[in-house]
Amino acid sequence: MSDVRDFLSLYFVMGSVDCKKDPLDVLDEAIQGGITIFQFREKGKGALTGLEKYRLAEKLFERCRLHHIPFIVNDDVDLALSLEADGVHVGQEDEAAKRVRDKIGNKILGVSVHNLKEAQAALADGADYLGLGPIFPTKSKEDAKAACGIEMIQYLRENKIDAPLVAIGGITEQTAADVIRAGADGIAVISEICHADHITEKTKRLYAHVIHAKHQN
Ligand SMILES: C=C1C=NC(C(F)(F)F)=NC1=N
Ligand SMILES: [Mg+2]
């Protein structure tokens, strides 16, 4: 895969808990709208486990493979390996990024970061991209830290964090362009797409905001 940076523009993160209808339909509509990378994040109250989780992951992965969209698994490294997913995304509280890198070889490794110190450590551990957030307050993650603000994107860039970086946390149509102009390579969204009345149209607008802002940078 060429540099993962090119795939980060519109990063859809989702699990069954986030969906108001069949996750397969939600993903299909988001793909029609132009998402560029997908993360299966099955977490929170009522999340699937075991074989049910595996079966849903398999079907979502099939959709992504059909449309050449990288399929990333959140937290569950063993699930990623058993599916031969394109990569994994781990947080600060998950398995240490260095150990994950040893397990997954040259698959994509994304690491959640909240500040400069965590960003530097993640890159030292071999992260291919950073997930910085939450930028704004978020309802999609129960144990989210306090919002770090758009300023943190600029601060990391000013401190020579030039690695591929996607911003996440409460990002909407109204704020997408500002996040890109601050220096992010893409935006990651959960509820902005999952809770939209018309998922494909919403996704197309988010994509347009991101691509337009990218060409201004
Ligand atoms: C907590 C997270 C932070 N960032 C990301 C991503 F956008 F993919 F980088 N995913 C997560 N699950
Ligand atoms: Mg995690």
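Residues numbered from 1 in each chain as written. Chains lettered and ligands numbered in written order. Predicted model: local features only at pLDDT ≥ 70, side-chain atom pairs only at ≥ 80, totals over all residues. Heavy atoms only, no water.

With an unreviewed UniProt entry as reference, the chain is termed Thiamine-phosphate synthase, source organism Thermolongibacillus altinsuensis. Note on the chain: under the UniProt heading Function (unreviewed entry), the record states "Condenses 4-methyl-5-(beta-hydroxyethyl)thiazole monophosphate (THZ-P) and 2-methyl-4-amino-5-hydroxymethyl pyrimidine pyrophosphate (HMP-PP) to form thiamine monophosphate (TMP)." In the Sequence similarities (unreviewed entry) part of its UniProt record, the chain is described as follows: "Belongs to the thiamine-phosphate synthase family." (UniProt positions renumbered as here; feature names shortened; annotations may be inferred.)

### Digging into the UniProt feature "domain: Thiamine phosphate synthase/TenI" (unreviewed entry) in the chain
In the UniProt entry, the feature "domain: Thiamine phosphate synthase/TenI" (unreviewed entry) is given for residues 10-193. When the span residues 10-193 is considered, its composition is 39% helix and 19% strand, and the gap between its end C-alpha atoms is 11 Å. (Helix = DSSP H or I, 4+ residues; strand = E, 2+ residues; numbered from the N terminus.)

### Considering the site of ligand 1
As a structural note, the neighbourhood of ligand 1 is formed by Tyr11, Gln39, Arg41, Asn74, His89, Ser112, Tyr129, Gly131, Val166, Ile168 and Ala188. One of the side-chain N or O atoms of glutamine 39 is found 3.0 Å from a nitrogen atom in ligand 1. A distance of 3.4 Å is found between a nitrogen atom of ligand 1 and a side-chain nitrogen or oxygen belonging to histidine 89. Here ligand 1 loses 92% of its free accessible area of 300 Å² to cover by the protein chains. Listed by contribution, the elements that provide at least two residues to the shell around ligand 1 are strand E6 (129-132) and strand E7 (165-168). Split into classes, the residues belonging to the shell around ligand 1 amount to five nonpolar, five polar and one charged. (Near = heavy atom within 4 Å. Polar contact = N/O pair within 3.5 Å; in protein donor to acceptor, adjacent residues only side chain to side chain. Areas by Shrake-Rupley, 256 points an atom, 1.4 Å probe, with all protein chains shown as cover. Nonpolar A, V, L, I, M, F, W, Y, C, P; charged D, E, K, R; others polar.)

### Observations regarding the packing of helix H1 (residues 23-33) against helix H9 (residues 199-216)
Where H1 meets H9, the axes come as close as 7 Å, and the angle between the chain directions of the two elements is 40°. The orientation of H1 relative to H9 falls into the category oblique. The chirality of how H1 crosses H9 is right-handed. Here Val26, Glu29, Ala30, Gln32 and Gly33 of H1 lie close against H9, whose contacting residues are Ile199, Thr200, Thr203, Lys204 and Tyr207. Grouping the amino acids of the contact of H1 with H9 by side-chain chemistry returns four nonpolar, four polar and two charged. (Axes fitted to C-alpha atoms, helices over the stretch in contact; angles between N-to-C directions. Parallel < 35°, antiparallel > 145°, perpendicular 65-115°, else oblique. Left-handed = near helix turned anticlockwise from the far one by under 90°. Contact = heavy atoms within 4.5 Å.)

### Section: the confidence of the model for the chain
The predicted coordinates ought not to be read in detail in places where the model reports low pLDDT. Averaged over all residues, the pLDDT of the chain equals 96, while 99% of them reach at least 70. Model confidence for the complex: the whole-complex pTM is 0.97, and ipTM, which rates the interface, is 0.97. (pLDDT = per-residue confidence, 0-100.)

### Side note on the pairing of strand E3 (residues 71-74)
A regular strand places its side chains on the two faces of the sheet in alternate fashion. Burial of the side chains of E3 extends over both faces: Phe71 and Val73 are buried on one face and Ile72 and Asn74 on the other. Relative to E3, strand E2 (residues 37-40) runs parallel, the two sharing three bridges. Across the sheet, residue phenylalanine 40 finds its bridge partner in E3, namely valine 73. Inspection of the sheet shows E3 paired to strand E4 (residues 87-90) by three bridges, in the parallel sense. Each residue of the ladder has a partner; that of asparagine 74, found in E4, is histidine 89. (Buried < 20%, exposed > 50% of the residue type's maximum accessible area, 1.4 Å probe, protein only. Pairing = 2+ DSSP bridges.)

### A word on the packing of aromatic side chains
Under the definition given, this model contains four aromatic pairs. With a centroid separation of 5.8 Å and an interplanar angle of 65°, the aromatic rings of tyrosine 11 and tyrosine 129 are classed as edge-to-face. Taken together, the residues span a long stretch of sequence, with tyrosine 11 in strand E1 (residues 10-14) and tyrosine 129 in strand E6 at a distance of 118 residues. Taken as a pair, tyrosine 11 and tyrosine 129 share a single burial class, namely buried. Aromatic pair phenylalanine 38 and phenylalanine 71: ring centres 5.9 Å apart, planes at 35°, arrangement tilted. Of this pair, phenylalanine 38 sits in strand E2 while phenylalanine 71 is found in strand E3, placing the two residues 33 residues apart along the sequence. (Phe/Tyr/Trp six-rings, centres within 6.5 Å; stacked < 30°, edge-to-face > 60°.)

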